Amino acid sequence: MPEVTSGDGDGTPPEEDGLDDGVRVDMISGARMEGLTSMEKIRLILDGVRDGNIVILEEGLTPDEESKLIEVTMTEISPDEFSGIEIETYPKSSSSNTGLFDRLMGKEEQTQKLTVIGPANQIETLHKDENLISALVSRK
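In this text the structure is predicted, and so the values were computed from the model without any measurement. (Residues numbered from 1 in each chain as written. Predicted model: local features only at pLDDT ≥ 70, side-chain atom pairs only at ≥ 80, totals over all residues. Heavy atoms only, no water.)

Q: I would appreciate a short explanation of the overall build of the protein chain in the present structure.
A: For the protein chain, the count of helices and strands is 4 helices and 6 strands. Across the 140 residues that make up the protein chain, the buried fraction comes to 29%. Considering only contacts within the protein chain whose residues lie at least 6 apart along the sequence, 65% involve residues at least 24 apart. (Helix = DSSP H or I, 4+ residues; strand = E, 2+ residues; numbered from the N terminus. Buried < 20%, exposed > 50% of the residue type's maximum accessible area, 1.4 Å probe, protein only. Contact = heavy atoms within 4.5 Å.)

Here it is, written out as structure tokens:
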């Protein structure tokens, strides 16, 4: 993934330019995630969230990957360092409406998803419906 630098182009880290006043949002394309294993995806997401970033995935995760992300997150929670994650997916996976026979036959899910993941102590979902995720993001 390309390194994020400040707008002045001098290579000075953003926090030294006074740009550490906001919340960083990492938007990860489906192409970036495509070649990664499930555990590599989870590490990429958790490393970003542990740094206090909001991570937005263009194509979301599979239900199995979401479950594994939650499982790994639970093992890494510590009271003083990492409070966990908040995760919202839009739209919800249609696989819950797919019958057992369709899943066994390998019917692919057609719904594109957008997933927002952030530190549990910084992101709070205010509203969610089939067309909108509204979240409040606070600084630590």
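Q: Explain the confidence of the model for the protein chain to me, please; I cannot follow it from the model alone.
A: Should pLDDT be low for a region, the predicted coordinates there are not to be read in detail. Per-residue confidence for the protein chain gives a mean pLDDT of 77; residues scoring 70 or more make up 69%. Ranking the elements of the protein chain by mean pLDDT puts helix α4 (residues 100-104) last, at 59, and helix α2 (residues 38-50) first, at 94. Counting contacts from residues 1-12, a segment whose pLDDT is below 50, to residues more than four positions away or on other chains yields 12 contacts. (pLDDT = per-residue confidence, 0-100.)

Q: Any chance you could explain the packing of α2 against helix α3 (residues 63-76) here in plain terms?
A: Helices that pack against each other are described as a pair by the angle of their axes relative to one another and the distance between those axes. Where α2 meets α3, the closest approach of the two axes is 10 Å, and the angle between their N-to-C directions is 50°. Comparing their axes, α3 and α2 come out oblique. Both α2 and α3 take part in a crossing whose hand is right-handed. Contact residues: Ser38, Met39, Lys41, Ile42, Arg43, Ile45, Leu46 and Arg50 in α2; Glu65, Lys68, Leu69, Val72, Thr73 and Glu76 in α3. Within the contact of α2 with α3, the residues separate by chemical class into 6 nonpolar, 2 polar and 6 charged. (Axes fitted to C-alpha atoms, helices over the stretch in contact; angles between N-to-C directions. Parallel < 35°, antiparallel > 145°, perpendicular 65-115°, else oblique. Left-handed = near helix turned anticlockwise from the far one by under 90°. Nonpolar A, V, L, I, M, F, W, Y, C, P; charged D, E, K, R; others polar.)

Q: What is the right way to look at the environment of Val49 in this model?
A: Mapped onto the fold, Val49 is located in helix α2. Once the C-alpha coordinates of Val49 and Glu86 are considered, the two residues, 37 residues apart in sequence, prove to be 9.7 Å apart.

Q: Explanation requested: the side chain of Thr73 in the structure shown.
A: By the element assignment, Thr73 lies in helix α3. Within the structure, the side chain of Thr73 is placed 2.7 Å from the backbone oxygen of Leu69, a separation counted as a polar contact. Filtering out sequence-adjacent residues up to four positions away, Thr73 remains in contact with Leu46, Phe82, Gly84 and Ile85. (Polar contact = N/O pair within 3.5 Å; in protein donor to acceptor, adjacent residues only side chain to side chain.)

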